[in-house]
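Here's the letter readout for the chains.
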Amino acid sequence: MKKFFITSALAFGIACSAQAKDIVDTAVGAGNFTTLAAALKAADLVDTLKGKGPFTVFAPTDAAFKKIPKADLDALLKDKAKLTAVLTYHVVPGKVMAADLKAGKVKTVQGSSLTVATKGGATVDGAKVSTADIAADNGVIHVIDTVLMPK
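Definitions and limits used
Residues numbered from 1 in each chain as written. Predicted model: local features only at pLDDT ≥ 70, side-chain atom pairs only at ≥ 80, totals over all residues. Heavy atoms only, no water. Helix = DSSP H or I, 4+ residues; strand = E, 2+ residues; numbered from the N terminus. Pairing = 2+ DSSP bridges. Salt bridge = Lys/Arg side-chain N within 4 Å of Asp/Glu carboxyl O. Buried < 20%, exposed > 50% of the residue type's maximum accessible area, 1.4 Å probe, protein only. Arc of directions from axis to C-beta. Polar contact = N/O pair within 3.5 Å; in protein donor to acceptor, adjacent residues only side chain to side chain. Core = buried A, V, L, I, M, F, W, Y, C linked by side-chain atoms within 4.5 Å. Contact = heavy atoms within 4.5 Å. Axes fitted to C-alpha atoms, helices over the stretch in contact; angles between N-to-C directions. Parallel < 35°, antiparallel > 145°, perpendicular 65-115°, else oblique. Left-handed = near helix turned anticlockwise from the far one by under 90°. Nonpolar A, V, L, I, M, F, W, Y, C, P; charged D, E, K, R; others polar.

Undergrad: Explain unusual backbone geometry to me, please; I cannot follow it from the model alone.
TA: Outside of glycine, negative phi angles account for most residues, and trans bonds account for most peptide bonds. Note the cis peptide between Gly53 and Pro54, where omega equals 5°. Looking at the element boundaries, Pro54 is found in the loop between helix 4 (46-49) and strand 1 (55-60). Positive phi outside glycine occurs at Asp133, with the angle close to 60°. Within the secondary structure, Asp133 is located in strand 6 (residues 127-136).

Undergrad: Would you mind showing me how to read the sheet that holds strand 1 here?
TA: Within a sheet, neighbouring strands are paired by backbone hydrogen bonds and run either parallel or antiparallel to one another. With mixed pairing, 7 strands are arranged side by side in an open sheet as 2-1-7-6-5-4-3. In the strand order of this sheet, the two ends are held by strand 2 (91-93) and strand 3 (104-107), each with one partner. Across 5 bridges, strand 6 lies against strand 7 (residues 139-144) in antiparallel orientation. Residue Ala136 lies in a different strand from strand 7, and its bridge partner there is Gly139.

Undergrad: When you look at the pattern of salt bridges in this model, what are you seeing that I'm missing?
TA: A pair can form between side chains of opposite charge whenever their charged atoms are brought close. Throughout the structure, instances matching the rule amount to 5 salt bridges. Between Lys50 and Asp22 there is a salt bridge, with its nearest N and O atoms 3.0 Å apart. Note that Lys50 is positioned in the loop between helix 4 and strand 1 and Asp22 in the loop between helix 1 (2-15) and helix 2 (23-30), a separation of 28 residues in sequence. Two residues, Lys50 and Asp25, come together in a salt bridge whose shortest N-O distance is 2.9 Å. With a gap of 25 residues between them, Lys50 in the loop between helix 4 and strand 1 and Asp25 in helix 2 connect regions that are remote in the sequence. In this structure Asp25 comes out as partly exposed when scored by relative accessible area, which is 30%.

Undergrad: Can you walk me through helix 2 in this structure?
TA: For an α-helix the count is 3.6 residues per turn, leaving residues at separations of three or four pointing the same way. Here helix 2 has its buried residues at Ile23, Val24, Thr26 and Ala27. Mapping the buried residues of helix 2 onto a view down its axis gives an arc of 165°, with all of them on the same face. Measuring from the backbone nitrogen of Val24 back to the side-chain oxygen at the start of helix 2 gives 3.0 Å, which picks out Asp22 as the cap.

Undergrad: Honestly, the nonpolar core in this entry has me stumped. Any pointers?
TA: When a protein is soluble and globular, its nonpolar side chains tend to lie buried together. Counting 27 residues, the largest nonpolar core has Leu36, Leu40, Leu49, Val57 and Leu87 as the members making the most contacts within it. Within the residue set of this core, elements represented by two or more residues are helix 2, helix 3 (34-42), strand 1, helix 5 (62-65), helix 6 (70-78), helix 7 (80-88), strand 6 and strand 7. Once you skip the residues sitting within four places of it in the chain, Val57 turns out to touch Ile23, Leu49, His90, Val91, Val140, Ile141 and His142. Judged by nonpolar contacts, the second largest core, of 14 residues, contains Phe58, Val92, Ala98 and Ala127.

Undergrad: Which parts of the structure should I look at to understand helix 3?
TA: Looking only at helix 3, the buried set comprises Thr35, Leu36, Ala39 and Leu40. All buried residues of helix 3 fall inside an arc of 140° around its axis, so they share one side. Of the exposed residues in helix 3, those oriented more than 90 degrees away from the buried face are Thr34 and Lys41. Note on helix 3: the residue one or two positions beyond its end, Asp44, has a positive phi of about 60°.

Undergrad: Even after reading the chapter, I still don't get the packing of helix 3 against helix 7, so can you show me in this structure?
TA: A pair of packed helices can be characterised by two numbers: the angle between their axes and the separation between those axes. Closest axis-to-axis distance for the helix 3/helix 7 pair is 9 Å, and the angle between their directions is 125°. Comparing their axes, helix 7 and helix 3 come out oblique. Crossing handedness for the pair helix 3 and helix 7: left-handed. In this structure, helix 3 contributes Leu36, Ala39, Leu40 and Ala42 to the contact, and helix 7 contributes Lys80, Leu83 and Leu87. Partitioning the contact of helix 3 with helix 7 into residue classes produces 6 nonpolar, no polar and 1 charged.

As structure tokens, this is what we get:
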């Protein structure tokens, strides 16, 4: 598992510029987080995630957002309070690298806890971590395949 994460992180690093950026710029630069970037803007969270941090973001890809029915996604993007709750549910305070992920509960910025599992590959509330340890100046991004919804 570590070898997969290291290889994925190295491949991502080669695809991006050598200079690290904040979490938002890093995600935007990756090219597969356009919906996440738009959601962060709609929720007025861009400046927060460009802040000092450190933050750990479990970032759903555009493909993850496409799993949500269009009408539901459109409604979510228009409901700033609910959108903010959903997005901050993907953020954990501090910089948690893949090697530091432990099975169990982890408190989010939103206030609820995510359930992390590490057996057979890392998952967060059932969402698979497809790429881990994408470094940013103010934290780290772990790419996930599903948008997480707080309970």
